[in-house]
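Structure at a glance
Given next are the chains, with one letter for each unit.
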There are 2 protein chains.
Amino acid sequence: MAKKRDPIPSHAKCVFKGKIFEVWQWEQKLYDSSTKTFERLKRPDTVQVVTVVGDKILILEETQPDKSTPFLTLPGGRVDPGEDPLTAAKRELHEETGYSAQDWSLWLAHDPVGKIEWTIYTYIARDSKEDAEPHLDGGERVTAQLVTFDEFLALSNDPRFYDPSLTHEFVIAHYDPAYKETLRKLILG
Amino acid sequence: MAKKRDPIPSHAKCVFKGKIFEVWQWEQKLYDSSTKTFERLKRPDTVQVVTVVGDKILILEETQPDKSTPFLTLPGGRVDPGEDPLTAAKRELHEETGYSAQDWSLWLAHDPVGKIEWTIYTYIARDSKEDAEPHLDGGERVTAQLVTFDEFLALSNDPRFYDPSLTHEFVIAHYDPAYKETLRKLILG
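Residues numbered from 1 in each chain as written. Chains lettered and ligands numbered in written order. Predicted model: local features only at pLDDT ≥ 70, side-chain atom pairs only at ≥ 80, totals over all residues. Heavy atoms only, no water.

**Observations regarding the sheet that holds strand 1 (residues 13-17) of chain B**
Residues and elements named next belong to chain B. Let me state the cut-off plainly: Two strands are said to pair when DSSP picks up at least two bridges between them. Secondary structure counts use DSSP, requiring at least four H or I residues in a row for a helix and at least two E residues in a row for a strand, with both numbered from the N terminus.
Spatially, four strands are ordered 1-2-3-9 in an open sheet, and the strand pairing comes out mixed. The strands lining the two open edges of the sheet, one partner per strand, are strand 1 and strand 9 (116-117). Relative to strand 3 (residues 35-42), strand 2 (residues 22-29) runs antiparallel, the two sharing eight bridges. Considered in strand 3, the bridge of Lys-29 is made with Thr-35.

**Quick word on the interface of chain B and chain A**
The line we're drawing: A contact between two residues is defined here by any heavy atoms of the two lying within 4.5 Å. A 1.4 Å probe defines the accessible area here, and the buried area is the portion of it lost by two parts on being joined, summed over both. One side-chain nitrogen of Lys or Arg within 4 Å of one carboxyl oxygen of Asp or Glu is enough to make a salt bridge. In the analysis that follows, any N or O atom pair within 3.5 Å is treated as a polar contact, provided that within protein one partner can donate a hydrogen and the other can accept it, and provided that, for residues neighboring in sequence, both atoms belong to side chains. The nonpolar class holds Ala, Val, Leu, Ile, Met, Phe, Trp, Tyr, Cys and Pro. Asp, Glu, Lys and Arg form the charged class, and all remaining residues, Gly among them, are polar.
Counting residues at the interface gives 52 residues for chain B and 52 residues for chain A. Summed over both sides, the interface between chain B and chain A buries roughly 4500 Å², with carbon and sulfur atoms accounting for 62% of that surface. Three residues, Tyr-31, Tyr-162 and Tyr-175 of chain B, lead the burial of chain B against chain A; their summed loss comes to 18% of the area buried on that side. Inspection of the region where chain B meets chain A yields two salt bridges. The salt bridge partner of Asp-66 of chain B is Arg-40 of chain A, with a shortest N-O separation of 2.6 Å. At the boundary of chain B with chain A, the tally comes to 20 residue pairs in polar contact (both at pLDDT 80 or more). The set of elements that each furnish at least two residues to the side of chain B that touches chain A consists of strand 1, strand 2, strand 3 and helix 3 (164-175) of chain B. A per-element tally of the side of chain B that touches chain A places helix 3 of chain B first, with six residues. Of the residues assigned to the side of chain B that touches chain A, the class counts are 22 nonpolar, 12 polar and 18 charged.

**A word on helix 1 (residues 85-97) of chain A**
Residues and elements named next belong to chain A. Quick note on the threshold: Given the number of residues in a helix, its expected span is that number minus one, multiplied by 1.5 Å.
Between its first and last C-alpha, helix 1 extends 18 Å over 13 residues, near the 18 Å set by a 1.5 Å rise per residue. Packing partners of the buried residues in helix 1 comprise strand 4 (46-53), strand 5 (56-63), strand 7 (76-78), strand 8 (99-110), strand 10 (120-130) and strand 11 (141-147). Downstream of helix 1 by one or two residues, Gly-98 has phi in the positive range, about 80°.

**Focus: the relation of the copies chain B and chain A**
Note the threshold: Least squares is the method for superposing the copies, and the C-alpha atoms it fits come from residues with pLDDT of at least 70 in both.
It takes a turn of 180° to lay chain B on chain A, together with a shift of 0.0 Å along the axis; the resulting RMSD is 0.0 Å. Such a combination of turn and shift is consistent with a two-fold rotation axis. A high fraction, 100%, of the interface residues of chain B reappear at the interface in chain A, so the copies pair face to face through one surface.

**Some remarks on the environment of Gly-77 of chain B**
With respect to the secondary-structure elements, Gly-77 of chain B resides in strand 7 (residues 76-78). If sequence neighbours within four positions are ignored, Gly-77 of chain B has contacts with Asp-45, Thr-46, Val-47 and Glu-92 of chain B.

**Topic: unusual backbone geometry**
Despite not being glycine, Ser-33 of chain A shows a phi value in the positive range, around 75°. Among the secondary structure elements, Ser-33 of chain A is positioned in the loop between strand 2 (22-29) and strand 3 (35-42). For Asp-127 of chain B, which is not a glycine, the phi torsion comes out positive at approximately 55°. Looking at the secondary structure, you find Asp-127 of chain B in strand 10 (residues 120-130).

**Description of the packing of helix 3 (residues 164-175) of chain A against helix 3 of chain B**
Describing two packed helices takes the angle between their axes plus the distance from one axis to the other. Heads up, the condition is: Note on definitions: angles span 0 to 180 degrees between N-to-C directions of axes, and those axes are lines fitted to C-alpha atoms, for helices only across the stretch in contact. To sort the angles, those under 35 degrees are grouped as roughly parallel, those over 145 as roughly antiparallel, those from 65 to 115 as roughly perpendicular, and the leftovers as oblique.
Where helix 3 of chain A meets helix 3 of chain B, the closest approach of the two axes is 10 Å, and the angle between their N-to-C directions is 5°. Compared by their axis directions, helix 3 of chain A and helix 3 of chain B come out roughly parallel. Touching Pro-164, Thr-167, His-168, Val-171, Ile-172 and Tyr-175 of chain A of helix 3 of chain A are Pro-164, Thr-167, His-168, Val-171, Ile-172 and Tyr-175 of chain B, all from helix 3 of chain B. Residues belonging to the contact of helix 3 of chain A with helix 3 of chain B are distributed by class as follows: eight nonpolar, four polar and no charged.

**Quick word on the pattern of salt bridges**
What the rule picks out here adds up to 24 salt bridges over all chains. Here Arg-91 of chain A makes a salt bridge to Glu-83 of chain A, at a shortest N to O gap of 2.8 Å.

**A closer look at the sheet that holds strand 2 of chain A**
Residues and elements named next belong to chain A. If you walk across this open sheet you meet the four strands as 1-2-3-9, and the pairing is mixed. Taken across any chain shown, the strands that pair with only one partner, and hence form the sheet edges, are strand 1 (13-17) and strand 9 (116-117). As judged from the four bridges shared by strand 1 and strand 2, these two strands associate in the antiparallel manner. Paired with Lys-13 across the strands is Gln-25, a residue of strand 2.

**Let's talk about the confidence of the model for chain A**
Condition: As a per-residue measure, pLDDT tells how confident the predictor is, with possible values from 0 to 100.
Summary statistics for chain A give a mean pLDDT of 95 and a share of 98% for residues scoring 70 or more. As scored by the predictor, the complex reaches a pTM of 0.94 and an ipTM of 0.93.

**A closer look at the environment of Ser-128 of chain B**
Here Ser-128 of chain B shows up in strand 10. Each residue touching Ser-128 of chain B, except ones within four places of it in the same chain, is listed here: Thr-51, Val-52, Val-53, Tyr-99, Ser-100 and Ala-101 of chain B.

The following block contains the structure:
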């Protein structure tokens, strides 16, 4: 599922800069030699963390003030300007849960939408320990819970969980015992 | 995988209208009673068509002037303003391939991105026949090919094909023979 998109051309212009999204446009020459204004978006990359605590994995039940129902997610958030994704992953994990980890590895890097320059980085953080209180902003309500590896894979059947690239991994693991063991080793060590 | 997102609130304002994307913002009250400007996007819904021709399925190899490599896709495109998705599916199939179909049904309706009001409708068009030449615009180069049902499912392993919700269906069918038969019946009749 990891797939890198064609970048926005270097001669494109930023025509709008919002709170999250930037809109970029350029004049594109077509196959019949006419031209047309093409448009794509940029947004900050995001990170999420498979946080391993002993033999359990930390997931979050989260509510947001503009969403009607709670959802299940991994700790994570936006990469700040100039920040590298691993630093963002460590910062977001600590802010959102109070956990720090010793052993970090990148699992997936996935560009989910063709018309948006946006990569989601999924890290595995092994040997994680709670060493502080969470620092949530006023737009988050989060309850952390520790689940078993099997419960983690079963998120693919939970309508409150929405992550196509993780769901893809979980569905293969559900049917293929060898792949499930590979994933167990990758995540739990 | 089909999941309907929370709509943009009715008091939100459109702060930018681009060629494809609109940017909407509103002042959101947070849990601590502070407020913050929230942002989401709208874009035209899109349609795609599983076009059944005899016992084969029509897929397209497409190149676009801003993409470095060809990709595999189903016939489809954007829903025009005021158009219903089924009408758009019939129009796009005919424009892009010259095919018309007798028997239409909606298979999937999928909102792929949380922050964008955007639904992808996947139709099944059975008993399809070529009755015209394709009418491509200058931004498309398309080669149609007919594939078997098994070749269609195998698109989930082709790096030139990118469709998370179809890939999800194909992966389950790959491992679960009963689901594969359900899908065969759904598509081929």
